[in-house]
Amino acid sequence: AVQNSIFTNFLIAVFWGTCISFSLYALWHFELLGNIGKAIDKKLILPILFAIPFNAFFVLSGLTLKGDFQFKLFNIIQLVKAIGLALLLVLFVIVLKMDVQGAAWALVTEAIVTTIVLVFLFYKRYKPKFSIDLSLVKQNWGYGIKSWIGTLAQQSNDKLDQILIGFVATPQLLGLYT
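This one's a predicted model, so the numbers in the text were calculated from it and none came from an experiment. (Residues numbered from 1 in each chain as written. Predicted model: local features only at pLDDT ≥ 70, side-chain atom pairs only at ≥ 80, totals over all residues. Heavy atoms only, no water.)

## Topic: the layout of surface pockets
Roughly 200 Å³ of volume is contained in the second largest pocket. What lines the second largest pocket is a set of 13 residues, and nearest its centre among them are I77, V80, K81, T114 and V117. Mapped onto the lining of the second largest pocket, the elements with two or more residues apiece are α4 (71-95) and α5 (99-126). At seven residues, α5 tops the list of elements feeding residues into the lining of the second largest pocket. Tallied by class, the residues present in the lining of the second largest pocket amount to eight nonpolar, three polar and two charged. (1 Å grid on protein atoms, 1.4 Å probe; cavity = no way out; pocket = protein on both sides within 12 Å on 5 of 7 lines; lining within 4 Å. Points joined across faces, edges and corners; volume = space filled by probe spheres on them. Helix = DSSP H or I, 4+ residues; strand = E, 2+ residues; numbered from the N terminus. Nonpolar A, V, L, I, M, F, W, Y, C, P; charged D, E, K, R; others polar.)

Right under this line is the structure:
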């Protein structure tokens, strides 16, 4: 039942998002992201890394809604999320003139607001039990790792040219290429 899995999914999402954030931070810190990584300022990467666990929660929430046949609700949430991000980008980048830093904070703000809305919506709709379903954790771990590796390989293959250029070219050249 959805009611029994929501809290567990929330913890799994936060765990995976946090692991990904720390891994990316380590790669950036030890300058293992090529020229593009070297060009990213700490003030820019930290907000982006902070948003990753919230976005991981959004992904698992979407899977939960789709698994409960709530396609219309999920599509509405995705649409509002995209419009909200566009408005926040206008606010931070254009109105407040925060440049790229504003874009990063727009992403963070959108991720936090979306998470708050989803937590409220899930609590109201499903009345989740605040317990950990260990069998779900085991299932997600086994399937999730395989799925994540497959997705990572597929996306890396799709972006291989940009990844390779990112290691040797300047950010400006990669921007022109893409």
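## Things to note about the side chain of S21
By the element assignment, S21 lies in helix α1 (residues 2-29). Not counting residues up to four positions away in its chain, the partners in contact with S21 are L49, I52 and P53. (Contact = heavy atoms within 4.5 Å.)

## Focus: α4
For α4, which comprises 25 residues, the first-to-last C-alpha distance of 35 Å matches the rise-based estimate of 36 Å (1.5 Å per residue) to within 8%. Contact partners of the buried residues in α4: α3 (42-67) and α5. At the C-terminal side of α4, K97 shows a positive phi close to 55°. (Expected span 1.5 Å × (residues − 1).)

## Side note on the packing of α3 against α5
The interhelical angle for the contact between α3 and α5, taken along N-to-C directions, is 30°, at an axis separation of 8 Å. Considering their axes alone, α3 and α5 lie roughly parallel with respect to each other. The handedness of the crossing between α3 and α5 comes out as left-handed. Partitioning the contact of α3 with α5 into residue classes produces 20 nonpolar, six polar and two charged. (Axes fitted to C-alpha atoms, helices over the stretch in contact; angles between N-to-C directions. Parallel < 35°, antiparallel > 145°, perpendicular 65-115°, else oblique. Left-handed = near helix turned anticlockwise from the far one by under 90°.)

## Quick look at the pattern of salt bridges
One pass over the structure, following the stated rule, counts one salt bridge. The shortest N-O distance in the salt bridge between E110 and K81 comes to 2.9 Å. Pair noted here: E110 is in helix α5 and K81 is in helix α4, with a separation of 29 residues, a long-range link. (Salt bridge = Lys/Arg side-chain N within 4 Å of Asp/Glu carboxyl O.)

## Focus on the environment of N140
With respect to the element layout, N140 can be found in helix α6 (residues 134-158). You can call N140 partly exposed: its relative accessible area is 24%. (Buried < 20%, exposed > 50% of the residue type's maximum accessible area, 1.4 Å probe, protein only.)

## Side note on α1
Counted at 1.5 Å a residue, the expected span for α1 with its 28 residues is 40 Å, and the 39 Å between its end C-alpha atoms agrees. Taken together, the buried positions of α1 are occupied by V2, S5, I6, T8, N9, I12, A13, G17, S21 and W28.

## Quick look at the packing of aromatic side chains
With the rule as written, the count across this model stands at eight aromatic pairs. With a centroid separation of 5.5 Å and an interplanar angle of 75°, the aromatic rings of F7 and F130 are classed as edge-to-face. One end of the pair, F7, is in helix α1; the other, F130, is in the loop between α5 and α6, with 123 residues separating them in the sequence. On the accessibility criterion, F7 (23% relative accessible area) is partly exposed. Seen from their ring centres, F69 and F71 are 6.2 Å apart, and the 70° between their planes marks the pair as edge-to-face. Relative accessible area serves as the criterion here: at 66%, F69 is assigned to the exposed category. The partly exposed category is assigned to F71, whose relative accessible area is 44%. Over the ring of F58 we find K81; its NZ or CZ atom is 4.7 Å from the centre of that ring. The ring of Y123 carries K127 above its face, with NZ or CZ at 5.8 Å from the centroid. (Phe/Tyr/Trp six-rings, centres within 6.5 Å; stacked < 30°, edge-to-face > 60°. Lys NZ or Arg CZ within 6 Å of the ring centre and 35° of its normal.)

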